[in-house]
Amino acid sequence: MTDCLVIGEALIDVVRRPGGETTRHPGGSPMNVSVGIARLGRRVHLLTRFGDDTDGDTLRDYIESAGVMLAPGAVDSDATSIAMASIDDEGSPAYHFDVNSSYVEPPTSPEKVAALLAKPPLHVHIGSIGAHLRPGSDTVCRWLKLLHPHSTVSYDPNVRLSILGSAQSVIDDMQEILPFVDIVKASTEDLEELHGEPVEPDDAAQYFLDRGVEFVAITMGAQGVKLYTPKESVEIPALSVQVVDSVGAGDAMMAALIDSLARISVLGDERAGLTEISPQMLTSVGQFAVTAAAITVSRAGANPPTRDEVNDLLANTQF
């Protein structure tokens with residue numbers, strides 16, 4: 001079993017669907033990724049924060065019932081963060097946020113640092129609001145600086161300008177984060193929001209590869225995903241399924257990518273293998289990831305699949 005650490009927001013999604021129906025359920029991109037990793041059968045810790053309130057109790061119950069282990073210090077006296085998502089007729093969400101970004105600091109004493117680094121996580125995942133909204137994002141950077149020499153790091157910008165502010169501020173943050181990142185997943189939708197115009201997947205991937213990233217996934221919605229290393233690239237079509245909504249689809253794909261890369265032993269101190277993945281293996285990694293995403297869009301909310309669910313659909317799918 002693999003130890004992963006996910007750092008970032010856990011919040012309550014208040015979802016308004018066409019027709020006026022409103023539901024409340026646990027959300028937050030990093031939390032979704034941690035649940036996705038756990039459902040695929042891997043050990044995962046979530047370093048997050050939420051309030052000592054009813055919504056916080058809901059989050060704790062959901063996170064722990066999924067098999068995710070909460071890092072110490074998750075609960076504080078402020079209110080649990082809220083994301084309000086309005087779903088359009090095509091199943092796509094538009095978000096508004098009330099988020100408190102604050103996370104437990106990494107250790108600084110030599111004894112505690114030594115204890116942590118004696119058994120560091122194999123892999124660390126960051127992204128979304130947690131990686132960009134201050135003051136929590138500054139804490140995330142301190143964790144990366146401490147852990148990256150020992151753990152591979154993945155990053156999904158999952159852009160939410162309605163809370164993060166200007167696109168340029170996100171790009172500036174990205175420049176600071178990327179030296180500590182090995183794996184990036186980004187959607188063409190997010191990249192277009194950042195740059196104000198459509199971005200070609202190949203150009204986006206080259207941007208990240210030029211900055212030292214060794215594995216890039218550019219998701220293209222219904223067109224699937226393109227995977228890149230410095231030496232190879234493959235394109236995987238999306239599966240055709242009845243879409244309920246796309247909430248959490250990218251997070252399910254991120255979890256599946258982390259799981260697949262762990263299975264082929266290219267994470268942690270074996271990170272050099274990221275640059276040597278064959279086209280055939282890249283294709284296998286991508287097919288597992290798009291299958292996880294397809295299952296998620298076929299049901300309401302961020303509800304990532306188990307390994308058995310992914311394997312069952314894969315066994316009955318012809319790419």
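That block above? That's the structure.
Definitions and limits used
Residues numbered from 1 in each chain as written. Predicted model: local features only at pLDDT ≥ 70, side-chain atom pairs only at ≥ 80, totals over all residues. Heavy atoms only, no water. Helix = DSSP H or I, 4+ residues; strand = E, 2+ residues; numbered from the N terminus. Contact = heavy atoms within 4.5 Å. Phe/Tyr/Trp six-rings, centres within 6.5 Å; stacked < 30°, edge-to-face > 60°. Lys NZ or Arg CZ within 6 Å of the ring centre and 35° of its normal. Buried < 20%, exposed > 50% of the residue type's maximum accessible area, 1.4 Å probe, protein only.

Caption draft 1: Spatial organisation of the environment of Ala255. With respect to the helices and strands, Ala255 occurs in helix α10 (residues 249-263). Residues contacting Ala255, with those up to four places away along its chain left out, are Val33, Gly36, Ile37 and Leu40.

Caption draft 2: Structural view of the packing of aromatic side chains. Here the structure, examined in full by the defined rule, presents 1 aromatic pair. When the ring of Tyr207 is compared with that of Phe208, the centres are 5.3 Å apart and the planes differ by 80 degrees; the resulting orientation is edge-to-face. Sitting over the face of the ring of Phe288, Arg263 holds its NZ or CZ atom 4.5 Å from the ring centroid.

Caption draft 3: Structural context of unusual backbone geometry. Backbone torsion omega between Arg134 and Pro135 reads 5 degrees, so that peptide bond is classified as cis. The backbone of Asn158 shows a phi angle near 40 degrees, a positive value even though the residue is not glycine. With respect to the helices and strands, the residue Asn158 is situated in the loop between β11 (152-156) and α6 (161-164). Take Asn158: its relative accessible area is 12%, and that puts it in the buried class. Although it is not a glycine, Ser265 sits at a positive phi angle of roughly 60 degrees. With respect to the secondary-structure elements, Ser265 resides in the loop between α10 and α11 (279-297).

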